[in-house]
Amino acid sequence: QGFCRYLEKNFSDLKKRGVVIGFDARAHPSSGGSSKRFARLAANAFISQGVPVYLFSDITPTPFVPYTVTHLKLCAGIMVTASHNPKQDNGYKVYWENGAQIISPHDKGISQSIEENQEPWPQAWDEERIDSSLLLHDPYATINKEYFKDIQKQCFHRKINKETNLKFVHTSVHGVGHKFVQLAFKAFDLSPPFAVPEQKDPDPEFPTVKYPNPEEGKGVLTLSFALAEKDGAKIILANDPDADRLAVAEKQESGEWKVFSGNELGALLGWWIFTCWKNNNRDSCALKDVYMLSSTVSSKILRAIALKEGFHFEETLTGFKWMGNRARQLMDQGKAVLFAFEEAIGYMCCPAVLDKDGVSAAVITAEMASFLATRNLSLSQQLKAVYDEYGFHITKASYFICHDPKVIQQLFDNLRNFDGKNTYPKACGRFKVSGIRDLTTGYDSSQPDQKAILPTSKSSQMITFTFANGGVATMRTSGTEPKIKYYSELCAPPGNSDVEQLKKELDDLVNALEKHFFQPEKNNLQRKTE
């Protein structure tokens, strides 16, 4: 109701254009609540005010909602999903008319409007009313056709796809992804991936995993490994339950499975998408209009590739809402945004969706792997080749769980008053600090006026430390979970191939960060591994 009122204020043509609403397969049987019911109640609110609603008749991946906003030129989009959160959670994700997630001032404006509209409207719970309304439309068939047509613009090796012997396993981790990844493979002329039978159908209980989050690594992929061994598949593609994220694993020569980090897959996809673009655009003048983006806590590998190849790289604040909005701005200026990624296994490989999309990322990864196989290269070997050419970027990220906001506030206050009032740490163990950027307060020691360039937010904690050894580490709070996260990276120039030494240096830096800045024992923080 609050969102509807806010849109009425912002769009004079809301009743002409309307909104799209999608939902995942989450449900809470004992209360009768489900994503579908929540979506229908939301549709009822809009229709009761004369607003056309494009309500998907069945579950869809989250990226279909921003795609529909752009494709049908709607005022806004709503996706009812809690992504990869625990089964008891649900959420309501909002997109603006530009096809990107909302940022300020709309987030605050909508929030205020919700506060002002808390009394349910007459017939608010009577969701059956929408079924006979002329304002209700089902975009399912159209969007399914158009989306798969649009992602084919990123298909460059149809002949190889048809002939490849490479086998893939796919898991949708009890979410919505199965059908859509099958269709994406078909659109690229790839043989369908083997689906993990116990996980391919939506199940709101997520019975086979502790957390339905492929970011958690090998635990979520146990059944995928077993199926891959049985069917002789070399590559595993795993979506989270709303299919906007993608994890990838590859069987190594040793027989071990390597699960790629979000930064490693970002490096591979960035290299691949630029290579495909270059092969299809011989005009070097066009380079000046080419951009790639990543969030400030993600690896800077795209910056290294951009410097060497001559295109533009920009970093944004954490989260695809920032990358999606920046991509739209650049596209409106006639620029080509080829790729954006964040380390939390989110990839935007196709400009038709201004958000992370695990469906297009899965099929583009499959095409990349099929192409590399014709050169007798694995994904791991190509990743090493990328690092050899552009410089090794070693990253390490983790988190601590903390349910007490006071402790979190105290931890960050301590960092801002480390050696007396308003002084940040000068060192972390043996590692000398050479620069500090605090996006909570807006301070940046590297800028002439000491003011940060990226937008600041007082409501969330985020401090980045640069070290004299070239390392960078960011500590931040999560927007959706009781976590304090950290991200660290050591970048070496091309030619420095002592990877083991770099890894050891980064391990030592991370240990120092945990010991001196997090102080888990003192602050009673729970480690990720527990």
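If you're wondering where the values come from, they're calculated on a predicted model, not measured in any experiment. (Residues numbered from 1 in each chain as written. Predicted model: local features only at pLDDT ≥ 70, side-chain atom pairs only at ≥ 80, totals over all residues. Heavy atoms only, no water.)

### Comments concerning the overall build of the protein chain
When its secondary structure is counted, the protein chain shows 17 helices and 24 strands. Over its C-alpha trace the protein chain gives a radius of gyration of 23 Å, about what one expects of a compact globule, namely 24 Å for 530 residues. In terms of overall dimensions, the protein chain has a C-alpha envelope of 70 × 60 × 50 Å along the principal axes. Across the 530 residues in the protein chain, those meeting the buried criterion constitute 56%. (Helix = DSSP H or I, 4+ residues; strand = E, 2+ residues; numbered from the N terminus. Rg over C-alpha atoms; globule rule 2.2 N^0.38 Å. Buried < 20%, exposed > 50% of the residue type's maximum accessible area, 1.4 Å probe, protein only.)

### Some remarks on the environment of G18
Take G18: it is sitting in the loop between α2 (14-17) and β1 (19-23). Separated by 59 residues in the primary sequence, G18 and G77 place their C-alpha atoms 9.1 Å from one another. Not counting chain neighbours up to four residues away, the residues in contact with G18 comprise V51, P52, L74, C75 and A76. (Contact = heavy atoms within 4.5 Å.)

### Here we look at the sheet that holds β1
Pairing within the open sheet is mixed, and its 5 strands lie in the order β6-β5-β1-β4-β7. Strands with a single pairing partner mark the edges of an open sheet, and in this sheet they are β6 (92-95) and β7 (136-137). Here 5 bridges tie β1 to strand β5 (residues 76-80), and the two strands are oriented parallel to one another. The residue of β5 that forms the bridge with F23 is V80. Helix-sheet contacts for helix α1 (residues 2-10) involve β1, β5 and β6, and the interaxial angle to β5 is about 165°. (Pairing = 2+ DSSP bridges. Axes fitted to C-alpha atoms, helices over the stretch in contact; angles between N-to-C directions.)

### Regarding the pattern of salt bridges
Going through the model one piece at a time under the given rule, you end up with 37 salt bridges. Residues D13 and R17 are paired through a salt bridge, measuring 3.4 Å at the closest nitrogen-oxygen approach. Judged by its relative accessible area of 26%, D13 falls in the partly exposed class. In this structure, the salt-bridge partner of D289 is K335, at a minimum N-O distance of 3.2 Å. Pair noted here: D289 is in the loop between α10 (262-280) and β13 (290-295) and K335 is in the loop between α12 (320-332) and β15 (336-342), with a separation of 46 residues, a long-range link. Judged by relative accessible area, D289 falls into the partly exposed class, the value being 24%. Bridged by salt links that share partners, the residues R37, R40, E127 and D131 form one connected network. (Salt bridge = Lys/Arg side-chain N within 4 Å of Asp/Glu carboxyl O.)

### A closer look at the packing of aromatic side chains
Applying the stated criterion to the full structure yields 24 aromatic pairs. Relative to F518, the ring of F400 has its centre 4.8 Å away and its plane inclined at 40°; by these criteria the two rings are tilted. Highlighted residues: F400 in strand β17 (residues 393-401) and F518 in helix α16 (residues 499-518), separated in sequence by 118 residues. Assessed through its relative accessible area of 1%, F400 is described here as buried. Every member of this aromatic cluster is reached through a ring pair, and the members are F64, Y67, Y147, F148 and F180. When the ring centre of Y390 is taken as origin, the NZ or CZ atom of K308, which lies over that ring, is 5.7 Å away. Above the face of the Y399 ring, K483 is positioned so that its terminal group lies 3.9 Å from the ring centre. (Phe/Tyr/Trp six-rings, centres within 6.5 Å; stacked < 30°, edge-to-face > 60°. Lys NZ or Arg CZ within 6 Å of the ring centre and 35° of its normal.)

### Observations regarding empty space enclosed by the protein
Scanning all chains against the criterion turns up 1 cavity of 30 Å³ or more. Quantified by volume, the largest cavity comes out at close to 50 Å³. The wall of the largest cavity is formed by D24, A25, R26, H174, G175, D203, P204, F206 and P241. Taken together, the residues of the lining of the largest cavity sort by class into 4 nonpolar, 2 polar and 3 charged. For the lining of the largest cavity, the domains that each give at least three residues are domain 1 (1-141) and domain 2 (148-258). (1 Å grid on protein atoms, 1.4 Å probe; cavity = no way out; pocket = protein on both sides within 12 Å on 5 of 7 lines; lining within 4 Å. Points joined across faces, edges and corners; volume = space filled by probe spheres on them. Nonpolar A, V, L, I, M, F, W, Y, C, P; charged D, E, K, R; others polar. Domains from an automatic or database assignment.)

### Here we look at helix α8 (residues 177-187)
Buried within α8 are the following residues: G177, H178, F180, V181, A184, F185 and A187. Positive phi appears at D189, one or two residues downstream of α8, with a value of about 60°.

### Notes on unusual backbone geometry
The peptide bond linking S104 to P105 adopts the cis configuration, its omega dihedral lying at 5°. Counting through the fold element by element, P105 comes out in the loop between β6 and α5 (106-115). Look at S83: it is not a glycine, yet its phi comes out positive at around 55°. Here S83 lies in the loop between β5 and β6. The class of S83 is buried, set by a relative accessible area of 13%.

### Remarks on the packing of helix α4 (residues 64-71) against helix α6 (residues 140-151)
It is at 11 Å that the axes of α4 and α6 come closest, and there the two elements cross at 90°. The angle between α4 and α6 places the two elements in the roughly perpendicular class. Across the interface between the two elements, F64, Y67, T68 and H71 of α4 pack against I143, N144, E146, Y147, F148 and D150 of α6. (Parallel < 35°, antiparallel > 145°, perpendicular 65-115°, else oblique.)

### A word on the domain arrangement of the protein chain
For the protein chain, the assigned domains are domain 1 (1-141), domain 2 (148-258), domain 3 (263-359 + 366-389) and domain 4 (392-527). Relative placement of domain 3 and domain 4: their C-alpha centres are 25 Å apart. Across the boundary between the two partners, domain 3 contributes 18 residues, which contact 14 residues of domain 4. Here domain 3 and domain 4 share an interface that buries about 1300 Å² over both sides, 63% of which is from carbon and sulfur atoms. Here E315 makes a salt bridge to R437, at a shortest N to O gap of 3.3 Å. Our enumeration of links across domain 3 and domain 4 arrives at 5 residue pairs in polar contact (both at pLDDT 80 or more). Elements supplying a minimum of two residues to the side of domain 3 that touches domain 4: α11 (301-309), β14 (312-316) and α14 (379-390). For the side of domain 3 that touches domain 4, the element with the highest residue contribution is α14, accounting for 4 residues. A breakdown of the residues in the side of domain 3 that touches domain 4 according to their chemical character gives 6 nonpolar, 6 polar and 6 charged. (Buried area = accessible area lost by both parts, 1.4 Å probe. Polar contact = N/O pair within 3.5 Å; in protein donor to acceptor, adjacent residues only side chain to side chain.)

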